[in-house]
Each structure stands twice: as structure tokens, then as C-alpha cells.
Amino acid sequence: MSLTGEKMEEVFLKTPSLEGRITIGEGAAALRLPSLVKERKNFVVTDSNVFALYGEFLREYFGDGEVFVLPAGEENKNFQRLFEILKRMTEAGLHRTSRLFAVGGGVVGDIGGLAAALYMRGISCVQVPTTLLAQADSGVGGKTAVDLGGVKNVVGAFYQPCEVIVDPMFLSTLPPREIKCGLGELVKYAALDGGIFELLKANADKLSEREFLFSLILPSVKHKAKVVEEDEKETGERKSLNVGHTTGHALELASGLSHGESVLWGMLLETKLAMKYGVCAREYGEELTALVHRALDVPPVGKIDFSRVRSDAEKARADKKNAEGGGICMSVAAAKGKWALFSLPFEKYREELAEAAREAERERGGDANEKN
Ligand SMILES: NC(=O)c1ccc[n+]([C@@H]2O[C@H](COP(=O)([O-])OP(=O)(O)OC[C@H]3O[C@@H](n4cnc5c(N)ncnc54)[C@H](O)[C@@H]3O)[C@@H](O)[C@H]2O)c1
């Protein structure tokens, strides 16, 4: 399977702390890993699913280097596991010049990146993302974190990897649920980037074709790298990357849907709100919501129950982005390639969300979310 045709692509992401290289293409791991592991102590963080599938690969490139296998799942992105990783790094005798490789999905990337940021005040970190979501989004940009006290990503650091290796080889083993999860973030990039929007619109019948989805990784990574270069610490432009996420996170917590599918629902409902309040241009908003509906139709289609959407909305109150106005603050698509911050007082948000959910349910024919 070829990601970009034949070529290997390179994107550079320059921040005040360092210039990182992102290599994207079939064979990227084989191309970059040998020189990156040379003449230093290496430490790998991966998870149990990735280790079961790619244990041989890890042995090939890291030899008898230390491998920490995190039990798979978001519930392990916590302080206790972070402590275990740091303890093992200390026992392995890693020093300042050692390097940590995070080989896995967003969970491994986030906790592994944070361990690299903390150990000896920061050692070199290489991200090797193995899910569609992590390759298109979370592996790039240097946000690292663990969850604490039921709050996602509340303890973390901005810590840029020196390299990101995006190799589609890993995606061949991804289950459909994880492909759909990545699709959520790819549609987010379409909402932010006119070029990606046109690509998705023109290929809306290909949203379940892996090859097509993989071809969107490069433009998404380029878009994210540009945004992060402009605003590494999320004081302005980087907030755009939260499109769909305020409501998406609330629905994810309440419904147990995957992150990507929740973000799709979040984008659908928030775009409806933004259109109603004149923040999103109607014609564009309708095109975008049509695209989101197509993405929601990609199997597997999870079940969402909007009968409790008013109480689910409470969960949006804890969102980190709300600090600004006291109400619910959302990053929303405004026009092709344009976004805006949009706030509503909580009670209003809750009311409007319930109405948008009813409308979305009608559009999806009531039972549309039980197709699978
Ligand atoms: N740092 C950021 O900028 C950022 C951005 C978005 C999301 N995130 C975080 O990313 C996490 C979600 O990432 P995710 O969706 O990759 O989840 P994940 O890391 O839990 O991976 C999803 C599942 O896929 C499995 N898996 C990974 N690679 C595989 C492969 N090649 N083949 C088969 N199975 C594989 C994993 O074991 C896991 O069961 C969340 O914790 C979220 O907060 C971070």
C-alpha cells in the first residue's frame, strides 16, 4: 500500500525549542530508525496490542533495548503508569543523551512523550504513531499528557519530538473502529483547510477506503505543522484544532463512542449552532454537515442516545477552553478554510444543543445510528 504515490515526504516543524523532522511514506520506519537508534541508549514505550503485532519489528530495530509495554487503553494514560515508565527509565540507566521512542497510538504518544519531557528535564523523543488518528494528528505537535481524576490530559507538557515517523505499514492491522476514529480527525482538518475540504468533498464515496484516507495524512500533517509553528502553546491559532471537540468530548464521556466518532458528532452539532448564530456561513455549513453525515455513515456506526443530551451537555462545562468567557467556548468552522471562536452561556448552549441533536436525528432518519 502506498501512502503518497511513490515518494517519501518530509515536513519540518520549527519551534523555538527545536526543528523536528516528520517523515511520511511507505518504508519511513526502515529508512529513519537505523540512524536514530545508533550509538545511544534507547527506550521504547509501546502498548500491549502494538507489542503483540509488532514485537518482531521492535526486536529488529531496537535489539535488546528496553521496551516498556503499557496495557492498551485510555485508562492507562495515568500518573501511576507514567511513574512506572519513569522508574524503568531510571533502572535502565538512561542518561541525558538517551532517546525515547513512543511506538503506538495517541495514548502511547501522549504518555511516552510526557515521560521523555520529564526524565532528566527532557531527553530526545521520537514519535512512531501507529493509528490513523496518531499519524494524522496526535503524533505531531508536541502535546503530551496523562489524565488525572477523571479529567483528560490535565497534566502534561508541550514537548516537541525530534522526529515523527509516519509509516502506513502500521495501519494495515488497524481495526475498522480505529480507522473510523482517525476519520473524525481527518474531517476536522477538512473543516480547517480548504484544500482538504475539496479533496474530501470530491471523494465523499471513498471515506471507507483506507488508501484514500491514508492519502489525507500528508496534507493534514502539513496543516498541523503550520499551525503549531505559528502558535505552539495554543494561545491563538492552535485553538482551531479543537473544532468539534468541546461537544465531542462531552458526548465521548457520556456515550462511550470512540473519540473520532464523538468528534464527528461534535462537529455536526456545533456547525449547526454556528450556522444558526450566523458564525458559520450557511452554504458552507450545509456542505460541511453533509460531509460529516457521510463520515458518520462509515462503519462501524456506534449508538448514540440523545434523550439525555441536556445532562450530557454538563460535561462540556469542564472543557479547558471555557476559561475565556465563563460560558461554553467552541472552536467552529466559519467558512471554507476559516474558523472562529464561538461562546454561548451554558443554559443557552444546552438548549441549542438539544435542538440541534433533534434536527440531526431527523436528518439521519431516527435509527440511522443503528446501522451496524
Ligand atoms: N497529543 C495530541 O495532540 C492529541 C491529539 C488527539 C488525541 N490525543 C490523544 O490520543 C489518544 C487517542 O489516540 P488513539 O485513537 O490512537 O488511541 P489508542 O492509542 O488507544 O489506540 C487505539 C487502539 O488501537 C490499538 N493500536 C494502535 N496501533 C495499532 C495498530 N497498528 N494495529 C492494531 N491496533 C493498533 C491500540 O492498542 C488501541 O487499542 C487519546 O488519549 C487522546 O487524548 C492526543
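Residues numbered from 1 in each chain as written. Predicted model: local features only at pLDDT ≥ 70, side-chain atom pairs only at ≥ 80, totals over all residues. Heavy atoms only, no water.

Here we take up the overall build of the protein. Helix and strand counts for the protein come out as 14 helices and 11 strands. A globule of 372 residues ought to have a C-alpha radius of gyration of about 21 Å, and the protein, at 20 Å, matches this closely. Taking the principal axes of its C-alpha atoms as reference, the protein extends roughly 60 × 45 × 40 Å. For the protein, the proportion of its 372 residues judged to be buried stands at 57%. Accessible area for the protein stands at about 15,300 Å²; split by element, carbon and sulfur atoms hold 51% of it. Side chains of the protein give 48 positive and 54 negative charges; the mean places of these two sets differ by 3 Å. (Helix = DSSP H or I, 4+ residues; strand = E, 2+ residues; numbered from the N terminus. Rg over C-alpha atoms; globule rule 2.2 N^0.38 Å. Buried < 20%, exposed > 50% of the residue type's maximum accessible area, 1.4 Å probe, protein only. Areas by Shrake-Rupley, 256 points an atom, 1.4 Å probe, with all protein chains shown as cover. Lys, Arg positive; Asp, Glu negative; His and termini not counted. Charge placed at Lys NZ, Arg CZ, Asp CG, Glu CD.)

So, about the pattern of salt bridges. The tally for this structure, following the rule as stated, stands at 31 salt bridges. One salt bridge in this structure joins R21 and E10, with 2.7 Å as the shortest N-O distance. Remark: E10 occurs in strand β1 (residues 9-14) and R21 occurs in strand β2 (residues 19-24); sequence separation between them is 11 residues. What makes R21 partly exposed here is its relative accessible area of 25%. In this structure, D137 engages K224 in a salt bridge whose closest nitrogen and oxygen atoms are separated by 3.2 Å. Here D137 is found in helix α5 (residues 132-138), whereas its partner K224 is found in helix α9 (residues 217-230), with 87 residues between them in sequence. K224 matches D137 in its accessibility class, with the two residues each being buried. (Salt bridge = Lys/Arg side-chain N within 4 Å of Asp/Glu carboxyl O.)

Right, let's talk about the nonpolar core for a bit. General note: in soluble globular proteins, nonpolar side chains tend to be found buried as a group. I22, L132, L200, L213, W265 and Y349 are the most contacted members of the largest nonpolar core, which totals 76 residues. Residue assignment places this core across two domains, with domain 1 (9-173) and domain 2 (179-370) each supplying three or more. In this view, Y349 contacts T247, L273, A313, A316, I328, M330 and L344; residues no more than four positions away in its chain are not counted. (Core = buried A, V, L, I, M, F, W, Y, C linked by side-chain atoms within 4.5 Å. Domains from an automatic or database assignment. Contact = heavy atoms within 4.5 Å.)

This next bit is on the packing of aromatic side chains. If you walk through the whole model with that rule in mind, you get 8 aromatic pairs. Of the aromatic side chains, those joined through ring pairs into one cluster are Y54, F57, Y61 and F170. The lysine or arginine in question, R317, covers the ring of F346, its NZ or CZ lying 3.8 Å from the ring centre. (Phe/Tyr/Trp six-rings, centres within 6.5 Å; stacked < 30°, edge-to-face > 60°. Lys NZ or Arg CZ within 6 Å of the ring centre and 35° of its normal.)

Looking at the secondary structure, you find E261 in helix α11 (residues 259-276). On the basis of relative accessible area, E261 is assigned to the buried category, the value being 5%. Polar side-chain contacts of E261 include one of 2.9 Å to the backbone nitrogen of G302. (Polar contact = N/O pair within 3.5 Å; in protein donor to acceptor, adjacent residues only side chain to side chain.)

Time to look at the site of the ligand. Surrounding the ligand, one finds 26 residues, the nearest of these being D47, E74, T130, T131 and T173. At a separation of 2.5 Å, an oxygen atom of the ligand approaches a polar side-chain atom of E74. Within the side chain of T173, an N or O atom sits 2.7 Å from a nitrogen atom of the ligand. Calculation on the ligand without its partners gives an accessible area of 860 Å², and the protein chains cover 89% of this total. Those elements that place two or more of their residues in the shell around the ligand are α2 (48-62), α4 (106-118), α5 and β8 (151-158). With 4 residues, α2 is the largest single contributor of residues to the shell around the ligand. (Near = heavy atom within 4 Å.)

Our next topic: the pairing of strand β7 (residues 143-148). Looking down a regular strand, the side chains alternate between one sheet face and the other. Where β7 meets β8, 5 bridges bridge the pair, whose relative direction is antiparallel. Of the residues in β8, the one forming a bridge with K143 is F158. Hairpin connection of β7 to β8: 2 residues between the antiparallel strands, including G149 at a positive phi of 55°. (Pairing = 2+ DSSP bridges.)

Turning next to the domain arrangement of the protein. Entries for the protein in the domain assignment read domain 1 (9-173) and domain 2 (179-370). Between domain 1 and domain 2, the C-alpha centre-to-centre distance is 27 Å. Each side of the interface is counted separately: domain 1 has 27 residues, and domain 2 has 28 residues. Here domain 1 and domain 2 share an interface that buries about 2,300 Å² over both sides, 67% of which is from carbon and sulfur atoms. Inspection of the region where domain 1 meets domain 2 yields 4 salt bridges. Among the ionic pairs, E252 bridges to K152, the shortest N-O distance being 3.9 Å. (Buried area = accessible area lost by both parts, 1.4 Å probe.)

Right, let's talk about unusual backbone geometry for a bit. With an omega of -5°, the peptide bond between P299 and P300 qualifies as cis. Mapping P300 onto the fold places it in the loop between α12 (282-297) and α13 (309-312). Not every positive phi belongs to a glycine, and R121 is a case in point at roughly 65°. Following the sequence through the fold, R121 ends up in the loop between α4 and β6 (124-129). The class of R121 is exposed, set by a relative accessible area of 74%.

In this section: the state of the cysteines. Between two cysteines, a covalent bond joining their sulfur atoms is known as a disulfide. In the structure shown here, the tally under the stated rule is 0 disulfides. Free cysteine: C125, not disulfide-bonded; nearest cysteine sulfur from C162 at 7.2 Å. Assessed through its relative accessible area of 2%, C125 is described here as buried. A disulfide-free cysteine, C329 has its sulfur positioned 16 Å from the sulfur of C280, the nearest such atom. (Disulfide = S-S within 2.5 Å.)

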